[in-house]
Amino acid sequence: MTKASLVGIAVRKVTLLGHPVLRRRLRRLKPEEARSAETRRLAREMAATMEEYDGVGIAGNQCGEDLAIFVMGLPKGGQRHPAGIELTMVINPVVKAIGAETEEDWEGCLSVPDLRGRVKRPRTISLSGLDLDGKPFERTYEGFPARVVQHETDHLNGLVYLDRMDGLESLTHLSEIGRKG
Ligand code: NI
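Residues numbered from 1 in each chain as written. Predicted model: local features only at pLDDT ≥ 70, side-chain atom pairs only at ≥ 80, totals over all residues. Heavy atoms only, no water.

K.L.:
Just to check I follow, could you spell out the sheet that holds strand S1 (residues 57-59) for this structure?
P.N.:
Each strand in a sheet pairs with another by means of backbone hydrogen bonds, the pair being arranged parallel or else antiparallel. Strand order in this open sheet of five strands is S1-S2-S3-S6-S7, and the pairing throughout is antiparallel. What marks the edges here is a single partner per strand, and that holds for S1 and strand S7 (136-142). Ignoring strand direction, the axes of neighbouring strands in this sheet form an average angle of 40°. Strands S1, strand S2 (69-74) and strand S3 (85-97) of the sheet are contacted by helix H2 (residues 37-52), whose axis makes an angle of about 40° with S2. Relative to the sheet, helix H3 (residues 144-156) contacts S1, S2, S3, strand S6 (124-130) and S7, its axis offset from that of S2 by approximately 155°. (Pairing = 2+ DSSP bridges. Helix = DSSP H or I, 4+ residues; strand = E, 2+ residues; numbered from the N terminus. Axes fitted to C-alpha atoms, helices over the stretch in contact; angles between N-to-C directions. Contact = heavy atoms within 4.5 Å.)

K.L.:
What should I look at first to understand the coordination of the nickel ion in this one?
P.N.:
The protein atoms that coordinate the nickel ion are Cys-109 (SG), His-151 (NE2) and His-155 (NE2), at distances of 2.1 to 2.3 Å. Counting along the primary sequence, the residues that act as donors to the nickel ion give the motif C-x41-H-x3-H. Of this pair, Cys-109 sits in strand S4 (residues 102-109) while His-151 sits in helix H3, placing them 42 residues apart in sequence. On the basis of relative accessibility, which here comes to 8%, the residue Cys-109 falls in the buried class. (Donors = N, O, S within 2.8 Å, 3.2 Å for Na, K, Ca; no water. Buried < 20%, exposed > 50% of the residue type's maximum accessible area, 1.4 Å probe, protein only.)

K.L.:
Looking at this structure, how should I read the environment of Glu-32?
P.N.:
For Glu-32, the position within the fold is in helix H1 (residues 31-34). Placed 16 residues apart in sequence, Glu-32 and Leu-16 show a C-alpha to C-alpha distance of 30 Å.

K.L.:
Before we go on, may I ask you to explain the layout of surface pockets in this structure?
P.N.:
Where empty space is left becomes clear once a probe the size of a water molecule has been rolled over the atoms. When its volume is computed, the largest pocket comes out at roughly 680 Å³. Lining the largest pocket are 24 residues, with Val-56, Arg-80, Glu-107, Gly-108 and Arg-116 sitting closest to its centre. Of all the secondary structure elements, the ones that give two or more residues to the lining of the largest pocket are S4, strand S5 (112-122) and H3. Grouping the amino acids of the lining of the largest pocket by side-chain chemistry returns ten nonpolar, six polar and eight charged. (1 Å grid on protein atoms, 1.4 Å probe; cavity = no way out; pocket = protein on both sides within 12 Å on 5 of 7 lines; lining within 4 Å. Points joined across faces, edges and corners; volume = space filled by probe spheres on them. Nonpolar A, V, L, I, M, F, W, Y, C, P; charged D, E, K, R; others polar.)

These results come straight from atomic positions and should not be treated as a statement about function.
Put into structure tokens, the structure is as follows:
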């Protein structure tokens, strides 16, 4: 994904915590809606918005839409996850944990700017849904990409990562991450 590939695609304003759409369970799309030109354009705008805001994933309601769709992607070689994440657009996602192993790590959210918190989540998951051709999508993820999938799928169910924290003690301003003592 490069900026050049997204020239001419509108960037949305990301909705912030407190906007009611972030607490809504979003409408699932029928296969014919999933493969529509409108959905494809929305997915491209979501990808452009994610890139503009330097996110790793973005959900429909973060772009002001009441539709169960998320986009994720991260270029290779960055600090957050050197392996990168392939640009992926999923409609009506459903996540299932595989195995009992969990992992705790920092999360942030474009709708909750400048904060990070520790969230424990299943380490390996399966993701199913529809792709932009309206065809079944199924993949397994582990580690950081699995965390992104779970975070974005939560958004589509009206949840944010703060709801998944065991407590708010780890909630940290971005500028204070890594401070000792
Ligand atoms: Ni988020």
